[in-house]
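Chain by chain, the residues run as shown.
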Amino acid sequence: MGRRHGANCTNGSVYTYHEKAKDKRESGWGSLAARLGKDSMKNFDCCCLTLQPCKEPVVTPDGYLFDKMAVIEYMVHQKKEIAKRLKEYERQTEKSQREARLKASEGDKLEKELFLETEKSIRTKQAHDSSKERGASKPAAGASVSNMADGKDKVLPSFWIPNETPDNKDTTISKPDEKVRCPMSGKALRMKDLIDVNFTLVKDPDDKRSLIVKDDERYMCAVTKDLLNNSVPCAVLRDTGDVVTMECVEKLIKPDMRNPISGKILREKDIIPLQRGATGFAGSGVELKAVKAGAAMQVT
């Protein structure tokens, strides 16, 4: 019974971390954080859009892998969205130009009316003095109570009329970017920049590959025949599209800067490091912590 009482004790004077975490989970207050495991990570040979193994893999110059059909569909969709936003921007520009012309014409008209009103209100000093002598009892022009005098006929006196109610101005649309951007790096993405990738399948003489390798180890280095997975840094050779390990690049390719498969001379930009997923370990260089910000709960 003592153990049960200790587990259910709620009359303590200290607000413990366990109680705080429990209240935060149940109430939804505060930021929520979780560490991602291996199952939450994308495999190195999966598309960055579909998160599925690529059927026709292509890679960007930054090393992001996509399925060819998925990235083409993405680019077509983005181009349609850009064209739609451009039309909205053009309509807004034309509307603002019309409003500017209308405002300028109204300003010219108002200036003309003000000039004519000034000309009409000119009185000589003698005429003014003579009107005082005669003791004219006519009300001053500015003191008229008529709602049609002094240009009041142009002003609507009722605040509930739609033209007098405050209008909600349209949101200003900035000129959209006309370039299709990579969803991962944010850089400009063009079809001609995509490079076809050739993964080398693991060769099994007995055709029993499923018995000797795991599902995430179905490819191997094109040169050293080492198995590829998320824990093995890889690179793509631009001229042939073959995937090799970074160890192969450092030890075999960079000393001569020659492709061991095609024999062609390589430049530094022809070796594209492949952006891989994480392994579930913090040392893999990938952020493994997911944080969702929420309303803060403070206890005083």
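Residues numbered from 1 in each chain as written. Predicted model: local features only at pLDDT ≥ 70, side-chain atom pairs only at ≥ 80, totals over all residues. Heavy atoms only, no water.

### Some thoughts on the overall build of the protein chain
Here comes step 1: Along the backbone of the protein chain there are six helices and 10 strands.
Here comes step 2: In the protein chain, which comprises 300 residues, the proportion classed as buried is 24%.
Here comes step 3: Of the contacts formed within the protein chain by residues at least 6 apart in sequence, a portion of 53% connects residues at least 24 apart.
Here comes step 4: Of the roughly 22700 Å² of accessible surface on the protein chain, a fraction of 53% belongs to carbon and sulfur atoms. (Helix = DSSP H or I, 4+ residues; strand = E, 2+ residues; numbered from the N terminus. Buried < 20%, exposed > 50% of the residue type's maximum accessible area, 1.4 Å probe, protein only. Contact = heavy atoms within 4.5 Å. Areas by Shrake-Rupley, 256 points an atom, 1.4 Å probe, with all protein chains shown as cover.)

### Examining the pattern of salt bridges
Here comes step 1: One pass over the structure, following the stated rule, counts nine salt bridges.
Here comes step 2: Residue Arg181 pairs with Asp177 through a salt bridge whose shortest N-O separation is 2.8 Å.
Here comes step 3: The structure contains a network of salt bridges with shared partners spanning Arg238, Arg267 and Asp270. (Salt bridge = Lys/Arg side-chain N within 4 Å of Asp/Glu carboxyl O.)

### Looking at helix 6 (residues 246-253)
Here comes step 1: For helix 6, every residue scored as buried is listed here: Cys248, Val249 and Ile253. Considered in projection along helix 6, the buried side chains sweep an arc of 100° and stay on one side of the axis.
Here comes step 2: Buried residues belonging to helix 6 abut strand 7 (234-237), strand 8 (243-245) and strand 9 (271-273). (Arc of directions from axis to C-beta.)

### Some details on the state of the cysteines
Here comes step 1: Inspection of the entire model under this criterion finds zero disulfides.
Here comes step 2: Note on Cys54: no disulfide assigned, nearest cysteine sulfur contributed by Cys47 at a separation of 5.0 Å.
Here comes step 3: Cys248 takes part in no disulfide bond, and the closest cysteine sulfur to it belongs to Cys221, at a distance of 4.5 Å.
Here comes step 4: Of the residues examined, Cys248 reaches a relative accessible area of 2% and is grouped as buried. (Disulfide = S-S within 2.5 Å.)

### Quick word on the sheet that holds strand 2 (residues 57-59)
Here comes step 1: The three strands lie next to each other as 3-2-4, forming an open sheet whose pairing is antiparallel. Of all the strands in the sheet, the pair left with one neighbour each is strand 3 (65-67) and strand 4 (195-196).
Here comes step 2: Looking at chain direction, strand 2 and strand 4 are connected through two bridges and run antiparallel. Each bridged residue has a counterpart across the sheet, and for Val58 the counterpart in strand 4 is Asp196. (Pairing = 2+ DSSP bridges.)

### A short note on the side chain of Thr245
Here comes step 1: For Thr245, the position within the fold is in strand 8.
Here comes step 2: Classification of Thr245 as buried rests on a relative accessible area of 4%.
Here comes step 3: Those residues in contact with Thr245, other than ones at most four positions away along the chain, are Cys221, Thr224, Asp226, Leu228, Val232, Pro233 and Cys234.

### A short note on the packing of aromatic side chains
Here comes step 1: Taken as a whole and assessed by the stated rule, the structure comprises two aromatic pairs.
Here comes step 2: Ring centres 5.9 Å apart and planes at 80° place the aromatic pair Phe44 and Phe199 in the edge-to-face group. Residue Phe44 is found in the loop between strand 1 (32-35) and strand 2, and its partner Phe199 is found in the loop between strand 4 and strand 5 (200-201); the two are separated by 155 residues along the sequence. No difference in accessibility class separates Phe44 from Phe199, as the two residues are buried. (Phe/Tyr/Trp six-rings, centres within 6.5 Å; stacked < 30°, edge-to-face > 60°.)

### A word on the side chain of Thr200
Here comes step 1: Along the chain, the position of Thr200 falls in strand 5.
Here comes step 2: Given a relative accessible area of 15%, Thr200 falls into the buried group.
Here comes step 3: The contact partners of Thr200, leaving out residues within four places of it in the chain, are Arg218, Tyr219, Met220 and Ala222.

### What to know about the sheet that holds strand 9
Here comes step 1: Ordered by their spatial adjacency, three strands build an open sheet running 8-7-9, and the pairing between neighbours is antiparallel. Each having just a single partner strand, strand 8 and strand 9 make up the two edges of the open sheet. Across the sheet, the axes of successive neighbouring strands diverge by a mean angle of 35°, strand direction being ignored.
Here comes step 2: Sheet topology places strand 7 next to strand 8; three bridges connect them, and they run antiparallel. (Axes fitted to C-alpha atoms, helices over the stretch in contact; angles between N-to-C directions.)

### Quick word on the confidence of the model for the protein chain
Here comes step 1: Chain-level pLDDT for the protein chain is 78 on average; 69% of the residues reach the 70-or-more range.
Here comes step 2: The element-level mean pLDDT for the protein chain is lowest in helix 5 (residues 209-212), coming to 44, with strand 2 highest at 95.
Here comes step 3: Counting contacts from residues 207-213, a segment whose pLDDT is below 50, to residues more than four positions away or on other chains yields six contacts. (pLDDT = per-residue confidence, 0-100.)

### As for the nonpolar core
Here comes step 1: Ranked by internal contacts, the top residues of the largest apolar core, which has 39 residues, are Phe66, Val244, Ile253 and Ile271.
Here comes step 2: If you list the elements that add at least two residues to this core, you get strand 2, strand 3, helix 3 (68-120), strand 7, strand 8, helix 6 and strand 9.
Here comes step 3: For this core, the leading source of residues is helix 3, giving five residues.
Here comes step 4: Apart from the residues lying within four places of it in its own chain, the contact partners of Val244 are Cys221, Ala222, Val223, Cys234, Ala235, Leu237, Val249 and Ile253. (Core = buried A, V, L, I, M, F, W, Y, C linked by side-chain atoms within 4.5 Å.)

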